[in-house]
Amino acid sequence: MHHEPIIQLRNVGKSFAAHRVLKGISLTVSAGEIVTLIGPSGSGKTTALRCMNFLEAYDEGEVLIKGQLLGYSGPGREAKHRDSAALIAEVRRPLAMVFQQFNLWPHMTVLENVCAPLLLGKKLPRDEARKKAAAALAQVGMSDKAESRPARLSGGQQQRVGIARALALGPELMLLDEPTSALDPERVEEVQDVIKTLANGGMTMVMVTHEMSFAASISSRVVFMADGMLVESGAPASLFRQPQTERLKTFLAPWFRRPLQPDDVERLHG
Ligand SMILES: Nc1ncnc2c1ncn2[C@@H]1O[C@H](COP(=O)(O)OP(=O)(O)O)[C@@H](O)[C@H]1O
Ligand SMILES: [Mg+2]
């Protein structure tokens, strides 16, 4: 296999007015990797994820998807230098995103929700879209709810639909922003199980999470972010057991007042 990265960030920066939220972050993710982003609230994790697929326009550095510059064809990073929506959509085609708040359309059925990006974005014929959507729903165990409205589902079921919607696009890399943080505690596991199954099936992922055991069990690499910077990264076993910076030690302290369970770090990739 080739080792061409799917996504590369080079010194990516982003400001909201005078607030520099991302301060030059660099990250490379290759096929098969599961990279989790951890870090305190407000550190820029969501913004970083959104810059990776240009849902947010970065204003410094470069994001490359399979070697192609995303969002800008030239050196300028001002709004007037942005590529057309069509070109951006083309370059980011290998990516799909799962949102913290699911972002399902309430007036559509589950099946229609999963079909929508296939019809509107990919312009697939209706039959083909429905076939792909049904297959994706089966993969997350939601076939029996295809005709339901999202409001009739539990949060865990809604997020599984959110995952199916991303999966139906046939992505090479999935971006997941705290996929279980909006769920009741008893619904977290069913969604984590779906994500683990995808990871074990070889899906490449960049995931923001606050669930440290989950991060430890699923990640090939964990990246700790604070104050708009990538502070530390490494394999979960070393990052969680031997944090190098005071910032990371402080961040991890509440989670690891109990001893780390062997499962947390050793249960990697089956
Ligand atoms: N659309 C926006 N406009 C202005 N400020 C924003 C916007 N989105 C995020 N921010 C600010 O950027 C910082 C990082 O936010 P975010 O990326 O959501 O962090 P995290 O996901 O790590 O909690 C926060 O201070 C937040 O208030
Ligand atoms: Mg966030």
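Note that this is a predicted model, so its numbers are computed, not measured.

## Here's the deal with the layout of surface pockets
Remark: the empty space left among the atoms is shown by a probe the size of a water molecule rolled over them.
Phase 1: One number sums up the size of the largest pocket: a volume of about 690 Å³.
Phase 2: In terms of lining residues, the largest pocket is bounded by 22 residues, among which Arg 92, Leu 95, Pro 117, Gly 121 and Leu 169 are the most central.
Phase 3: When residues of the lining of the largest pocket are traced back to their parent elements, those giving at least two are helix H2 (85-91), strand S6 (95-98), helix H3 (110-120) and helix H5 (155-167).
Phase 4: Considering only residue class, the lining of the largest pocket consists of 13 nonpolar, 4 polar and 5 charged.

## Topic: helix H1 (residues 45-52)
Phase 1: Where burial is concerned, most of H1 is hidden: 6 out of the 8 residues are buried.
Phase 2: Residues Lys 45, Thr 47, Ala 48, Leu 49, Cys 51 and Met 52 constitute the buried set of H1.
Phase 3: Within two residues after H1, Phe 54 carries a phi angle of roughly 65°, on the positive side.

## Structural notes on the pattern of salt bridges
Phase 1: Applying the stated criterion to the full structure yields 10 salt bridges.
Phase 2: Its salt-bridge partner being Glu 62, residue Arg 10 comes within 2.9 Å of it at the nearest N-O pair. Of the two residues, Arg 10 is situated in strand S1 (residues 5-16) and Glu 62 in strand S4 (residues 60-65); the sequence distance between them amounts to 52 residues.
Phase 3: A relative accessible area of 39% means that Arg 10 is categorised as partly exposed.
Phase 4: Of the charged contacts in the structure, one is a salt bridge between Arg 221 and Glu 33, with a shortest N-O distance of 3.0 Å. Taken together, the residues Arg 221 in strand S9 (residues 221-226) and Glu 33 in the loop between strand S2 (19-30) and strand S3 (34-38) connect sequence positions 188 residues apart. The exposure classification of Arg 221 matches that of Glu 33, with both residues buried.
Phase 5: Via salt bridges that share partners, Arg 160, Arg 187 and Glu 190 belong to a single interconnected network.

Reading guide: rules and limits
Residues numbered from 1 in each chain as written. Chains lettered and ligands numbered in written order. Predicted model: local features only at pLDDT ≥ 70, side-chain atom pairs only at ≥ 80, totals over all residues. Heavy atoms only, no water. 1 Å grid on protein atoms, 1.4 Å probe; cavity = no way out; pocket = protein on both sides within 12 Å on 5 of 7 lines; lining within 4 Å. Points joined across faces, edges and corners; volume = space filled by probe spheres on them. Helix = DSSP H or I, 4+ residues; strand = E, 2+ residues; numbered from the N terminus. Nonpolar A, V, L, I, M, F, W, Y, C, P; charged D, E, K, R; others polar. Buried < 20%, exposed > 50% of the residue type's maximum accessible area, 1.4 Å probe, protein only. Salt bridge = Lys/Arg side-chain N within 4 Å of Asp/Glu carboxyl O.

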